[in-house]
Amino acid sequence: MLAHRTGVIGLPLRLLAREVYDRLVKLRGPNVVALITGEERIVPDRAAFWVCTVEAMPVGIGADFVAVDEIQLCADLDRGHVFTDRLLHARGTRETLFMGAETMKPAIAALVPKVQFLKRERFSALTYTGSKKISRMQNRSAIVGFSVDNVYAIAEVLRRQKGGAAVVMGALSPRTRNAQVELYQNGDVDFLVATDAIGMGLNLDVKHVSFSSLTKFDGRRMRQLQPNELAQIAGRAGRYLDNGTFGVTGEAPALHDEVVEMITESRFPPVAKLQWRNSALRYGSIKSLLASLQDKTNNDWLTRVRDADDLVALKALSGEAEVVARASDGPSVKLLWDVCCIPDFRGISNAEHAHMLLQIYTFLHQSGKIPADWMARQVNRLDRVEGDIDTVSKRLAYIRTWTYVAQRKGWLDDNDHWRGETRVVEDRLSDALHERLTQRFVDRRTSVLLRRLKQKEALVADINDTGEVTVEGQFVGRIEAFRFQQDTSATPDEAKTLRQAALAVLAPEFHLRADRFYNAPDTEIDFTEQGGLIWGSSAVGKLVAGSDPMKPVVKAFVDEEAGPDVAAKVQRRLQHFIDRKIATLFEPLTNLQGDDALNGLAKGFAFRMVEALGVVPRGEVADDVKALDQEARGALRKHGIRFGQFTIFMPLLLKPAPTRLRLVFWSLAQSLDDFPEAPPAGLVTVPAVRGRPRGYHSMAGYRAAGERAIRIDMLERLADMLRDQDTRGGFEATPDMLSITGMTLEQFADLMAGLGYKADKGERVKVKQAAPTEAKPSEAAETADVPSEVTAEANPAAEQQDAPTDEVPATDAPAEETAPEMEVFYTFAWGGRAVAKQGARGGDRNGGQNRNANKARKGGKPNAGKGGDKQRAQKFSAKPEKKDKIDPDNPFAAALMGLNKG
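Bear in mind that the values here come from a model prediction, so they are computed numbers and not experimental data.

Rules of the game
Residues numbered from 1 in each chain as written. Predicted model: local features only at pLDDT ≥ 70, side-chain atom pairs only at ≥ 80, totals over all residues. Heavy atoms only, no water. Helix = DSSP H or I, 4+ residues; strand = E, 2+ residues; numbered from the N terminus. Buried < 20%, exposed > 50% of the residue type's maximum accessible area, 1.4 Å probe, protein only. Contact = heavy atoms within 4.5 Å. Areas by Shrake-Rupley, 256 points an atom, 1.4 Å probe, with all protein chains shown as cover. Pairing = 2+ DSSP bridges. Axes fitted to C-alpha atoms, helices over the stretch in contact; angles between N-to-C directions. Salt bridge = Lys/Arg side-chain N within 4 Å of Asp/Glu carboxyl O. Core = buried A, V, L, I, M, F, W, Y, C linked by side-chain atoms within 4.5 Å. Lys, Arg positive; Asp, Glu negative; His and termini not counted. Phe/Tyr/Trp six-rings, centres within 6.5 Å; stacked < 30°, edge-to-face > 60°. Lys NZ or Arg CZ within 6 Å of the ring centre and 35° of its normal. Arc of directions from axis to C-beta. Parallel < 35°, antiparallel > 145°, perpendicular 65-115°, else oblique. Nonpolar A, V, L, I, M, F, W, Y, C, P; charged D, E, K, R; others polar. Polar contact = N/O pair within 3.5 Å; in protein donor to acceptor, adjacent residues only side chain to side chain. Patch = residues over 30% accessible without salt bridge, like charges linked within 9 Å, V, L, I, M, F, W, Y side chains within 5 Å. Left-handed = near helix turned anticlockwise from the far one by under 90°. Disulfide = S-S within 2.5 Å.

## What to know about the overall build of the protein
- If you tally the helices and strands in the protein, you get 33 helices and 32 strands.
- Expressed as a percentage of the 902 residues in the protein, the buried residues total 49%.
- Residue pairs at least 24 apart in sequence account for 70% of intrachain contacts in the protein once pairs closer than 6 positions are excluded.
- Summed over all atoms, the accessible surface of the protein reaches about 44300 Å², with 50% contributed by carbon and sulfur.

Rendered as structure tokens:
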């Protein structure tokens, strides 16, 4: 470029653009060299050479020389369309140069007429060295990670084991990046931890490149790195005539032989498709602009790029009525597109970014300028250097937005002033970030000591993939999650020495595991039915009872040697996990607890439900239920509370997952030593195990009755069916009753006895019945308001039902036929409180009695006295029937209400 009078060069990263700019300034002086990136604009009056990011390259200035670096990025899914546009349209009047991988040769040959190809061989060789632990990493190595968390975790390990590391990421400002590189280049540290940003031309003294992962998140999904991408990064090892090596470390798998061969011999498949987007935009209207941005191409080498951030922003703003009204002509639409091109440096949601763009567009369209006081507020709130690495990094990312805005000509009254203001804030934040990074990841004393001793440590400790800890190859213990179990076979003196040596490798391992655990998804963490907390197969903590049953305290299992930072990080992650579990599984309860609209008795009853974890036997709250008026009940029903005959409960909390968690919380509140387990999922009845703690069956979602316990929602369906029966004169079990309980007749008899009914067994001739006709399902009455015996009395037809008979219908069978087949049957009638208590054997007895039992406790007799019965029937029949409000289209709700019989 310097051989020409004028020139423009486009580079893939602003860090690289700054590096090239600095080199040109040293050669030609600052008066003739310009720098243009999204956040920097240095344009002297006599600028002849322009150094830019590819996106910021000036178009149509008539430079003698034009160059674009890393042209293979034409295939990049996010930025490829920009590089493709430069390939198709950027030309120098005398010379145009595209630099990049040979994989682009077929595409360029097809798209660029009269092109010539020049190839430069690498002078040094690359060699693959396989997998190597970080603790064994050689000096002058660069370890590559693909996320901020990964980079920080590796740098922390290197600080503890090797004295420290410099950190280089694309998100750093040039000032911070240069300061970190200087740490590495001057020998203060011998290790560099970087993202794949170092693959784009940053020239460093690196002898070995090691990959900590072979996958990366590309903005949309996690994907495997391609061989050419690995080669781009590995190529940073070695320089000029000095050979380099590359390999893998940490959890990264070894590279396949064919991949290694492709990298070392620079043989990669050619690029087949270039990302493209139409650059001939039509600004007549928002609709025409959107259409031009989404135009397709017929060129076989080109494919339309997926929606970039600027197009996503335009689509979002095009749905705003205010924007549509303002963007009514060509200049307004052009201005809208310029605003949409502001990058989302902050990485916030699309909606928040679009809201900020809407504010800027409104200012520019309305008055032609962004108000100085508004701009000052945005910049001043970021002009603070206190905080940790993440806090300062976020402010630095935010200031980049306003640095970009300040570079746009004509958007502010005094662009030069705001460029200076934003640059001062960015430099101040950059220095603060460099200081934080150095403070956290560089132990200068250890670094100097290790360099002087040339890493001749007295004892070398190591941890293998299974967690075994060795010192000089000898087994000394095993690390399990965040606790170290030392081998007990060593003598006390040996154990002390070995433990001290092991701590050198345990401390960084704990930090690395803590970072990995903190970023692990909830699917990798679980709780046990004994209140333990596990990560994979390792115990990492347990739940301890708190002041509120729904707010247990987390106790993390972390060795003291791991340090307070690790303990705090594990504690926070476990608390986040259990809080999200509560929010997800107990959502109906949390909604009920937070409903400020509830008042009076409804609020008190809601508190009782929350305290009981969503399931409370009706007998325990009978008086409270009776005191609730219809309005209070309606307010509680909106939260899914069902007032059953036997239990007040929330059906959604009877699912297996909430039940499992509820039992753990209940066991903690009861201070049990051995937590009872939840019944197997999907069973209507289970054995009523004797000796269970009082209240267990209710918390498990069941009610003990006889030798078995029945699920409370199914019990309420059974109660609905019993309302239609003559509980005074006696009735037999219907097929529907047996069906919903899944019981034999004998088991059902035992169940009914446990519920307070007398079961009289009899025997009769089995009658062959005609094919049954489908019964019309009866509408379910609400279980909360009318006792079963009163309901029967209110239905005179029920009293007219004939009692079962033992008479055998006449048949035409010959007299000499064999004896008729006999069948066993049971007649059930309400037996009162004594029978109910006697039938409740085998389980806890705090499940509450049904309404008949409540009546018996008050001295009344169920169904006793026809006169009183009729009066009560008239009393109840005069009242409007109360029913749960349910959606008839919701089969789950319908099933719970007994409408889905059969």
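## Overview of the sheet that holds strand β25 (residues 615-617)
- The sheet built from three strands is open, its strands ordered β25-β27-β26 with antiparallel pairing. Only two strands of the sheet have a single neighbouring strand rather than two, namely β25 and β26 (642-643).
- Strand contacts of helix α20 (residues 600-611): β25, β26 and β27 (647-649), with the helix running at about 90° to β27, the strand carrying the most contacts.
- Contacting β25, β26 and β27, helix α25 (residues 712-722) crosses the sheet at an angle of about 125° to β27.

## Overview of the sheet that holds strand β28 (residues 685-687)
- If you walk across this open sheet you meet the three strands as β28-β30-β29, and the pairing is antiparallel. Looking at strand neighbours, the two that pair on one side only are β28 and β29 (702-705), the edges of this open sheet. Neighbouring strand axes in the sheet, compared pairwise and without regard to direction, differ in orientation by 30° on average.
- By the bridge criterion, four bridges tie β29 to strand β30 (residues 708-711) in an arrangement that is antiparallel. Within β30, the residue paired with Arg703 across the bridge is Ile710.
- Taken strand by strand, α25 contacts β29 and β30, and its axis lies near 85° from that of β30.

## Here's the deal with the pattern of salt bridges
- For the structure on display, the rule yields 44 salt bridges.
- A salt bridge links Glu121 to Lys119; the nearest nitrogen and oxygen atoms lie 3.5 Å apart. For the pair Glu121 and Lys119, a shared accessibility class is recorded, and that class is exposed.
- Put simply, Arg642 and Asp720 hold a salt bridge, and the shortest N to O gap is 3.7 Å. Placement of Arg642 in strand β26 and of Asp720 in helix α25 is noted, with a sequence separation of 78 residues between them.
- In this structure Asp720 comes out as buried when scored by relative accessible area, which is 5%.

## A look at unusual backbone geometry
- The backbone of Leu613 shows a phi angle near 60°, a positive value even though the residue is not glycine.
- By the secondary structure assignment, Leu613 is in the loop between α20 and β25.
- You can call Leu613 buried: its relative accessible area is 3%.
- A positive phi is found at Ser671, a non-glycine position, where the angle reads about 55°.
- Overall, the relative accessible area of 60% leaves Ser671 in the exposed class.

## Focus on the pairing of β30
- Summarising the sheet, β28 and β30 pair through three bridges and their orientation is antiparallel. When the sheet's bridge partners are listed, Thr685 is paired in β30 with Ile710.
- Hairpin geometry of β29 and β30 is characterised by an intervening segment of two residues between the two adjacent antiparallel strands and by a positive phi of about 75° at Gly706.

## What about the nonpolar core?
- Phe482 and Leu636 are the most contacted members of the largest nonpolar core, which totals 73 residues.
- If one sorts the elements of this core by residue count, helix α18 (residues 564-585) sits on top with seven residues.
- Beyond its immediate chain neighbours, meaning those up to four positions away, Phe482 contacts Phe510, Arg513, Ala514, Phe517, Trp535, Val540, Phe557, Val558, Asp559, Val566 and Val570.
- The next biggest cluster of nonpolar side chains, apart from the first, holds 64 residues, and it includes Ile154, Val167, Val339 and Ala406.

## Comments concerning the side chain of Arg395
- Note on placement: Arg395 falls in helix α14 (residues 389-407).
- Here Arg395 occupies a buried position and makes no salt bridge, while the nearest side chain of opposite charge, Glu386, is found at 4.3 Å.
- What Arg395 contacts, discounting residues up to four positions off in sequence, is Leu382, Arg384, Val385, Glu386 and Leu429.

## Quick look at the packing of aromatic side chains
- Per the stated rule, a full pass over the model turns up 15 aromatic pairs.
- One aromatic cluster is present, built from ring pairs that chain together Phe731, Phe748, Tyr757, Tyr826, Phe828 and Trp830.
- The ring of Tyr696 is capped by Arg692, whose NZ or CZ atom sits 4.9 Å from the centre of that ring.

## Details of helix α9 (residues 309-317)
- Buried within α9 we find Asp310, Leu311, Ala313, Leu314 and Leu317. Along the axis of α9, the buried positions cluster into a sector of 160°, meaning they face one direction only.
- Elements that come into contact with the buried residues of α9 comprise α8 (286-293), α10 (321-326), α11 (330-340) and α12 (350-367).

## Thoughts on α25
- Of all 11 residues in α25, 11 are buried; the element is thus mostly enclosed.
- Along α25, the residues classified as buried are Ile712, Asp713, Met714, Leu715, Glu716, Arg717, Leu718, Ala719, Asp720, Met721 and Leu722.

## As for the packing of α9 against α12
- For the pair α9 and α12, the least separation of the axes is 10 Å and the interaxial angle reads 70°. Compared by their axis directions, α9 and α12 come out roughly perpendicular. Of the residues in α12, those touching α9 at Val312, Ala313, Ala316 and Leu317 are Asn350, Ala354, Leu357 and Leu358.
- Its residues assigned to classes, the contact of α9 with α12 comprises seven nonpolar, one polar and no charged.

## So, the environment of Lys273
- Following the sequence through the fold, Lys273 ends up in the loop between α7 (257-265) and β15 (274-276).
- A residue is classified by how much of its surface remains accessible, and Lys273, at 40% relative accessible area, is partly exposed.
- When the C-alpha atoms of Lys273 and Cys74 are compared, they prove to be 8.5 Å apart, with 199 residues separating the residues in sequence.
- Residues within four places of Lys273 in sequence aside, it is in contact with Ala75, Asp300, Trp301, Leu302 and Thr303.
- At 2.5 Å, the side chain of Lys273 forms a polar contact with the backbone oxygen of Asp300.

## With respect to a nonpolar patch on the surface
- Taken together, Phe123, Tyr240 and Leu241 make up a surface patch of nonpolar side chains, about 410 Å² in accessible area.
- With respect to the helices, strands and loops of the structure, Phe123 is situated in the loop between α3 (105-111) and β7 (126-131).

## Overview of the packing of α8 against α11
- Two numbers describe how α8 lies on α11: the axes approach to 10 Å, and their chain directions differ by 50°. It follows that α8 is oblique to α11 by the angle criterion. For the pair α8 and α11, the crossing hand works out as right-handed. Residue-level contacts link Ile286, Leu289 and Leu293 of α8 to Val333, Leu336 and Trp337 of α11.
- Here the residues of the contact of α8 with α11 sort into six nonpolar, no polar and no charged.

## A short note on the state of the cysteines
- In total, this model carries zero disulfides according to the counting rule given.
- Of all cysteine sulfurs in the structure, the one in Cys340 sits closest to Cys341, which takes part in no disulfide; the separation is 7.0 Å.

## Let's talk about the environment of Leu613
- Each C-alpha atom, one on Leu613 and one on Pro658, is 9.7 Å from the other, the two residues being 45 residues apart in sequence.
- Each residue touching Leu613, except ones within four places of it in the same chain, is listed here: Pro549, Met550, Leu589, Leu653, Arg662, Phe665, Trp666 and Met699.

## A few points about the side chain of Ser667
- Note that Ser667 resides in helix α23 (residues 656-669).
- Contact partners of Ser667, with chain neighbours within four places excluded, come to Leu672, Phe675 and Pro676.

## Remarks on the pairing of strand β2 (residues 33-36)
- Side-chain alternation along β2 places Val33 and Leu35 on one buried face and Ala34 and Ile36 on a second face that is also buried.
- Two strands pair when backbone bridges link them, and β2 and strand β4 (residues 49-53) are joined in this way by four bridges, in the parallel orientation. Across the sheet, the residue bridging to Ile36 is Cys52, located in β4.
- Bridge count for β2 against strand β3 (residues 41-42) is two bridges, and the pairing is antiparallel.

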